[in-house]
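For reference, the chains in residue letters:
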Amino acid sequence: MIKLIASVLLAGIIALHPATLSSQTVNPVSPDLRKLVSASDLHYNSPVGRSEEGMPTGNGRMGTLVWTVPSALKFQLNRVDIFGNNSSSHNFFERHTDYCGGAGALSLNFPEAVFEQGSFSQHLHCFDATVNVKGKGVEANIFTWSDRDVMSITVSNNRKAVLPFSIDLSSLRLPDAKRGDHRAISRAFVQNKYIVLTQEFREGNYYCASAVVISGGPAVKFAEQTDKGSAKLLLQTASQARILIASAASFDSTENITNKAIRELEAAQALGSEAMLQSHRNWWHQFWSKTYVQCSSKDGEADFVQQHYQYYLYVMGASSRGAYPTKFNGMLWTTGGDDRKWGALYWGANQSCLYNALFATDHTELLQPMFNLYSNAYDSYEQAAIQQWGSKGVYIPEVTGFDATPALPDDIAAEMRDLYLCRKPWSSRSQRFVDYAYTQLPFISRWNWKKDEGWKQGRWYSGDKGGGAFGHVTHIFSRGAKIAYQYWMQFEFTQDTSFLRKYAYPMLKGVAEFYANFPNFKLESDGLYHIRHVNDNESIWDGHNTVEEISSMRGIFPAAIKAAAMLNTDADLQKQWKHIIDHLSPLPLNNEGNAWAGSMLPVLQGNPMRRPDGNTMPVWFFDLCTLQNTDSATMQIARNTYKIYYPQGIDTASKVYVLSKLPVAGTTLGIPEATQYLIPAQLRTAEVPVLRNRMDLREGFQTTSVQRMGRAAEALQLALCQSLPAAPGEPPVINVFPAWPKHWNANFQLLARSAFLISSSFANGQVEYVQATAKANSVLRIVNPWKGRPVAVFSGQKLLKTVREDLIVLPATKGTVFKLQPAQ
């Protein structure tokens with residue numbers, strides 16, 4: 001008996017000694033990616049009731065929804081690089097009239113009704129990025145080639161008789177559409193058995209053109225131009241017919257746009273149908289292999305969340321690989337011609353819904369269009385900072401075009417500075433300024449004080465919104481800070497010092513210098529820097545120390561200092577920025593002093609004591625209240641502020657709207673209920689109906705989008721794997737499953753700030769393992785997933801050490817793979 005007790009005690013001692021730990025690691029189990037992604041497929045057993053509910057197919061540059069009417073397959077081909085006008089236009093002074101995206105309408109017409117309930121099915125295969133449509137005796141297989149701008153449609157005839165059908169290609173507007181000196185010319189014609197539709201948009205020196213070219217191969221019997229803006233192919237097949245649709249766009253008036261599209265088409269023809277489909281599948285299979293999220297729960301809620309997460313990634317992969325970002329209001333999925341609410345401009349807040357969740361997916365190619373948009377316009381932002389605000393650095397407006405911010409005449413710029421900086425009464429503005437503003441795009445930030453008053457006796461009338469030079473987005477500077485911080489985040493996720501030096505630091509420096517030299521940002525008698533005559537997002541106008549702007553500065557100055565130090569540059573500016581951050585006014589508080597508020601007094605419009613905008617949550621965005629923050633007072637205020645949004649607590653009755661960042665803020669604070677209830681609530685949304693294709697029309701007519709899915713995806717990632725610093729500019733710390741419901745299971749692979757690819761799983765209320773793969777030379781800082789317990793750290797199958805610390809720190813070179821698991 002004594003020997004037995006001694007043996008048991010000895011075994012216990014050995015189990016606790018690192019040298020005797022088993023060298024066996026818990027090997028991560030990779031999910032069946034096809035099965036995982038296929039859970040996000042769309043299945044229709046009946047035709048859609050409206051075109052906006054069609055199934056999306058695209059390659060990131062061109063795309064369309066696919067829908068049916070009884071006797072036809074329908075498409076509207078759209079591109080990210082077609083814009084009817086630029087930011088200098090003087091012909092779209094009426095809101096919602098500027099347009100973009102549309103290349104042409106396409107219809108595959110059959111001689112009788114074939115797509116009717118009973119014999120109908122339509123299936124979007126997300127893993128392969130293909131669409132299959134079956135009707136009575138016919139079938140179509142559709143994909144938009146990942147490699148080139150070509151869509152393939154294979155029509156199969158399942159009847160005994162030969163199947164005749166036609167393809168109609170038509171313009172989205174009259175062949176010659178004019179609006180002032182803006183002109184849009186559409187021309188359809190036949191060229192070498194191809195039917196072609198071209199568009200040209202001209203206004204002053206502005207030019208944009210597009211072309212759609214369609215080939216029906218050997219099945220074509222006849223091709224004809226039916227009128228100036230439409231053309232037709234007549235086809236017939238006893239078995240299969242392959243249709244190729246290519247598109248192209250250009251801003252170069254010397255480029256032959258038709259030939260550009262034909263080159264795309266001929267590349268597909270040369271490759272052949274099977275090789276084309278295989279290369280397409282290979283691209284998408286590689287796309288899905290980079291990162292993933294798999295989660296489940298007995299009630300199906302976690303499965304529902306996973307389904308939408310992977311679908312969001314599919315939609316972004318299909319719409320965000322072009323020269324310009326996909327737009328929040330319609331993306332590549334408009335179906336009603338040129339019309340779309342909010343027109344052709346980009347709203348930074350709305351765009352963030354689409355793009356914020358992409359960092360952790362390791363899909364830099366999907367983020368690149370966003371960075372291109374802002375980097376390409378950098379010089380114009382420098383000019384705008386000087387002309388419009390009398391500052392230095394860069395001014396990035398909340399609402400911008402796809403192009404550079406236009407330069408202003410010197411006299412207009414001088415008066416604008418006086419008016420917008422509140423140095424000159426609005427009532428004293430000159431007639432010259434009024435006349436110049438009259439035809440400007442009213443949604444552009446600098447002209448957003450304009451108010452539409454309508455047409456009267458053939459003349460357009462506009463005034464102001466009652467706030468003088470202030471409008472919803474005129475005096476928002478925080479957008480520039482958020483864009484610059486996204487550049488900083490991209491560096492943190494990749495540790496790419498070349499990107500930091502060439503792109504990120506210039507943005508950080510530019511925004512920091514804008515704030516530092518903004519004329520209404522001053523050191524006041526209390527020894528603190530104050531900022532006056534600014535907005536708090538869209539709701540508070542002409543505020544003082546608004547939560548948006550103070551949060552932005554508390555985020556951007558430390559990040560700029562850290563980046564400059566890493567690059568060993570701008571030592572004098574680092575000192576100036578450090579002085580500012582050390583003497584910056586605190587975030588505004590409510591009357592009770594226990595929660596953040598919108599603004600200090602005075603304000604022109606809006607409630608200064610309102611809670612921070614739930615659609616932006618700036619304190620959270622700039623890493624000012626993360627779980628790594630050791631300032632208990634700040635974290636208590638953060639929790640108090642968050643509770644204001646849900647005073648009765650978070651449960652199944654909690655509502656979340658499309659643009660809301662409340663799920664993001666909740667998971668950032670480590671609240672499991674935000675994951676369990678708010679993320680599903682956002683996906684189901686109480687704000688607007690959800691379409692059959694899971695998208696919504698929150699922004700109005702022809703604005704099919706996945707904004708709410710992007711917000712929910714970001715919240716989900718933060719619930720699974722946070723990589724947030726204690727404060728801006730400090731090292732990111734990884735924390736797995738910080739806001740995960742105990743009864744949900746999960747398995748994920750996500751990219752973390754500090755350039756580690758993190759894999760982990762959670763089952764039966766416990767973290768099972770963590771694997772961290774270094775994608776660059778970096779340092780892994782991770783919160784002990786098994787708090788209070790020893791952790792075995794492996795490299796491959798080799799046990800490196802056992803640690804007990806709450807914060808585990810492991811230097812790594814690129815390619816190093818760490819595996820962490822409980823030591824006992």
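Along every chain, residues carry numbers that run from 1 in the direction the sequence is written. Side-chain atom pairs in this predicted model are given and counted only at pLDDT of 80 or more, local residue features only at pLDDT of at least 70, and totals for whole chains, interfaces and linings cover all residues. Side-chain metrics in this entry use all non-hydrogen atoms of the structure; hydrogen atoms and water are not considered.

1. Examining the overall build of the protein
Next up, step 1: Secondary structure elements are taken from DSSP: a helix is a run of H or I of four residues or more, a strand is a run of E of two residues or more, and numbering for both begins at the N terminus. Helix and strand content of the protein: 19 helices and 35 strands.
Next up, step 2: We compute the radius of gyration over the C-alpha atoms and compare it with the globule rule, which gives 2.2 Å times the number of residues raised to the power 0.38. Radius of gyration (C-alpha) of the protein: 28 Å, near the 28 Å computed for a compact globule of 824 residues.
Next up, step 3: Dimensions along the principal axes, computed over C-alpha positions, put the protein at roughly 95 × 80 × 50 Å.
Next up, step 4: For the exposure calls, accessible area comes from a 1.4 Å probe over protein chains only, and a residue counts as buried if that area is under 20% of its type's maximum, exposed if over 50%, partly exposed in between. Taking all 824 residues of the protein together, 61% fall into the buried category.
Next up, step 5: Only heavy atoms enter the contact rule, under which two residues are in contact if any of them lie within 4.5 Å. Taking contacts inside the protein between residues at least 6 apart in sequence as the whole, the part at least 24 apart equals 67%.
Next up, step 6: The accessible surface values rely on the Shrake-Rupley method and a 1.4 Å probe; as for residues, cover is taken only from the protein chains in view. In the structure as shown, the protein presents an accessible area of about 30200 Å², 51% of it carried by carbon and sulfur atoms.
Next up, step 7: Positive and negative side-chain charges of the protein, numbering 79 and 71 respectively, have mean locations separated by a distance of 4 Å. Charged residues are defined here as Lys and Arg on the positive side and Asp and Glu on the negative side; His and the ends of the chain fall outside this count. The atom standing in for a charge is NZ when the residue is Lys, CZ when it is Arg, CG when it is Asp and CD when it is Glu.

2. Points about the packing of aromatic side chains
Next up, step 1: Each pair of aromatic rings taken from Phe, Tyr and Trp, with Trp reduced to its six-membered ring, is defined by centres within 6.5 Å and is described as stacked if the planes are under 30 degrees apart, edge-to-face if over 60, and tilted in the remaining cases. Within the structure shown, the criterion is met by 61 aromatic pairs.
Next up, step 2: Seen in terms of ring centroids, Tyr324 and Phe402 are 5.5 Å apart; in terms of plane orientation they differ by 90 degrees. Their pairing is edge-to-face. With a gap of 78 residues between them, Tyr324 in the loop between helix H5 (301-317) and strand S19 (346-347) and Phe402 in the loop between strand S20 (399-400) and helix H9 (410-420) connect regions that are remote in the sequence. Each member of the pair, Tyr324 together with Phe402, is buried.
Next up, step 3: Ring geometry for Phe328 against Trp347: centres 5.7 Å apart, planes inclined by 70 degrees, an arrangement best described as edge-to-face. Here Trp347 lies in strand S19 and Phe328 lies in the loop between H5 and S19, a separation of 19 residues in the sequence.

3. Looking at the sheet that holds strand S6 (residues 121-125)
Next up, step 1: Spatially, the 10 strands line up as an open sheet ordered S1-S6-S7-S8-S9-S17-S14-S13-S12-S11, and their pairing is antiparallel. This sheet does not close on itself; its edge strands, each paired only once, are strand S1 (42-44) and strand S11 (176-179). Within this sheet the neighbouring strands show an average axis-to-axis angle of 10 degrees, counted without direction.
Next up, step 2: Here strand S7 (residues 130-134) runs beside strand S8 (residues 138-144); their pairing, made up of 4 bridges, is antiparallel. Across the sheet, residue Asn132 finds its bridge partner in S8, namely Asn141. When DSSP locates at least two bridges between a pair of strands, those strands are taken to pair. Axis lines are fitted to C-alpha atoms, over the contacting stretch for helices. Their N-to-C directions set the angle, which ranges from 0 to 180 degrees.

4. Looking at the pattern of salt bridges
Next up, step 1: We define a salt bridge as a side-chain nitrogen of Lys or Arg found within 4 Å of a carboxyl oxygen belonging to Asp or Glu. Per the counting criterion, the structure on display carries 31 salt bridges.
Next up, step 2: Here Asp128 makes a salt bridge to Arg34, at a shortest N to O gap of 3.2 Å. Here Asp128 is found in the loop between S6 and S7, whereas its partner Arg34 is found in helix H2 (residues 33-38), with 94 residues between them in sequence.
Next up, step 3: Bridged by salt links that share partners, the residues Arg61, Arg79, Asp81 and Asp149 form one connected network.

5. A look at helix H19 (residues 707-720)
Next up, step 1: Here the expected span of a helix is defined as 1.5 Å times the quantity of residues minus one. With 14 residues, H19 extends 20 Å between its outermost C-alpha atoms, agreeing within 8% with the 20 Å of an ideal straight helix rising 1.5 Å per residue.
Next up, step 2: The buried count for H19 comes to 14 of 14 residues, which makes it a mostly enclosed element.

6. Thoughts on the nonpolar core
Considering soluble globular proteins, one finds that nonpolar side chains tend to be buried as a cluster.
Next up, step 1: Definition used in this section: a nonpolar core is a set of buried Ala, Val, Leu, Ile, Met, Phe, Trp, Tyr and Cys residues joined via side-chain atoms within 4.5 Å. Within the largest apolar cluster, 238 residues are counted, with the highest numbers of intra-cluster contacts made by Tyr642 and Ile758.
Next up, step 2: Residues Tyr207, Ala211, Ala261 and Ala268 belong to the second largest nonpolar core, which totals 20 residues.

7. With respect to the side chain of Thr675
Next up, step 1: Positionally, Thr675 belongs in helix H18 (residues 672-684).
Next up, step 2: Accessibility expressed as a relative area gives 0% for Thr675, which makes it buried.
Next up, step 3: Ignoring anything within four residues of it in the chain, the contact list for Thr675 reads Thr667, Pro680, Ala719, Ala739, Trp740, Pro741 and Trp744.

8. Some details on the sheet that holds strand S32 (residues 791-795)
Next up, step 1: If you walk across this open sheet you meet the 7 strands as S18-S28-S29-S30-S35-S32-S33, and the pairing is antiparallel. Looking at which strands have only one partner, the edges of the open sheet turn out to be strand S18 (292-296) and strand S33 (798-803). Across the sheet, the axes of successive neighbouring strands diverge by a mean angle of 20 degrees, strand direction being ignored.
Next up, step 2: Where strand S30 (residues 766-774) lies against strand S35 (residues 817-822), 4 bridges are found, and the strand directions are antiparallel. Bridging from a neighbouring strand, Val770 pairs with Leu820 of S35.
Next up, step 3: Against the sheet, H19 engages S18 and strand S28 (745-752), with an angle of about 100 degrees to S28.

9. Here we look at the pairing of strand S13 (residues 194-203)
Next up, step 1: Most of S13 sits inside the fold, with 8 of its 10 residues counted as buried.
Next up, step 2: For strand S12 (residues 182-191) and S13, the ladder comprises 9 bridges, and the chain directions are antiparallel. Bridge pairing in S13 links Ile185 to Glu200.
Next up, step 3: The antiparallel pairing of S12 with S13 creates a hairpin that spans 2 residues between the two strands, and Asn192 there sits at a positive phi of about 55 degrees.
Next up, step 4: Taken together, S13 and the strand that follows it, strand S14 (residues 206-215), pair antiparallel across an intervening segment of 2 residues, in which Gly204 is found at a positive phi of about 60 degrees.

10. Some points on the confidence of the model for the protein
Next up, step 1: pLDDT is a residue-level measure of predictor confidence that goes from 0 to 100. Per-residue confidence for the protein averages 95 on the pLDDT scale, and 97% of its residues sit at or above 70.
Next up, step 2: Note that residues 1-22 has pLDDT below 50 and, in this model, 12 contacts with residues that lie over four places away or in other chains.

11. Re helix H7 (residues 364-376)
Next up, step 1: Over its 13 residues, H7 runs 17 Å from end to end, which matches the ideal 18 Å to within 8%, given 1.5 Å per residue.
Next up, step 2: The quantity called bend is, for any residue, the angle between two axes fitted respectively to the seven residues ending at it and the seven beginning at it. When the local axis directions of H7 are compared, the greatest deviation, roughly 30 degrees, occurs at Met370.
Next up, step 3: Inspection of H7 places Leu366, Leu367, Pro369, Met370, Phe371, Leu373 and Tyr374 among the buried residues, and these make up the whole buried set.

12. Structural notes on the side chain of Ser107
Next up, step 1: Considering the arrangement of structural elements, one finds Ser107 in strand S5 (residues 100-109).
Next up, step 2: Engagement of the side chain of Ser107 in a polar contact is seen with the side chain of Lys74, the distance being 3.3 Å.
Next up, step 3: A polar side-chain atom of Ser107 sits 2.7 Å from a polar atom in the side chain of Asn109.
Next up, step 4: Every residue in contact with Ser107, bar those within four places of it in the chain, is listed here: Ala72, Leu73, Lys74, Ser166, Ile167 and Asp168. Any pair of nitrogen or oxygen atoms within 3.5 Å is treated as a polar contact; in protein, a donor-acceptor pairing is required on top of that, and neighbouring residues in sequence qualify only through side-chain atoms on both sides.

13. So, the pairing of S12
Next up, step 1: Pairing of S11 with S12, which is carried by 4 bridges, proceeds in the antiparallel orientation. Pairing of Lys178 across the sheet is with Arg183, part of S12.
Next up, step 2: Taken together, S11 and the strand that follows it, S12, pair antiparallel across an intervening segment of 2 residues, in which Gly180 is found at a positive phi of about 65 degrees.

14. Section: the packing of helix H8 (residues 378-389) against helix H12 (residues 497-517)
Next up, step 1: It is at 12 Å that the axes of H8 and H12 come closest, and there the two elements cross at 0 degrees. Of the possible angle classes, the one that applies to H8 and H12 is roughly parallel. Contacts from Tyr378, Ala385 and Trp389 of H8 reach H12 at Pro506, Met507, Gly510 and Phe514.
Next up, step 2: Its residues assigned to classes, the contact of H8 with H12 comprises 6 nonpolar, 1 polar and no charged. If an angle is under 35 degrees, it is roughly parallel; if it is over 145, roughly antiparallel; if it lies from 65 to 115, roughly perpendicular; otherwise it is oblique. Note that Gly is not counted as nonpolar here; it falls among the polar residues with everything else outside the nonpolar set of Ala, Val, Leu, Ile, Met, Phe, Trp, Tyr, Cys and Pro and the charged set of Asp, Glu, Lys and Arg.

15. What to know about the environment of Thr626
Next up, step 1: Note on placement: Thr626 falls in the loop between helix H15 (618-621) and helix H16 (632-645).
Next up, step 2: With a relative accessible area of 1%, Thr626 lands in the buried category.
Next up, step 3: Along the backbone, Thr626 and Ala231 are 395 residues apart, and their C-alpha atoms lie at a distance of 58 Å.
Next up, step 4: Excluding residues within four positions of it along the chain, Thr626 makes contact with Met635, Leu724, Pro725 and Ala726.
Next up, step 5: Separated by 2.6 Å, the side chain of Thr626 and the backbone oxygen of Pro725 make a polar contact.

16. Side note on the state of the cysteines
Next up, step 1: For this text, the term disulfide refers to a pair of cysteine sulfurs within 2.5 Å. Summed over the entire model, instances satisfying the criterion amount to 0 disulfides.
Next up, step 2: Considering cysteine sulfurs only, Cys295 is the nearest to Cys721, which forms no disulfide, with 14 Å between them.
Next up, step 3: The class for Cys721 is buried, based on a relative accessible area of 8%.

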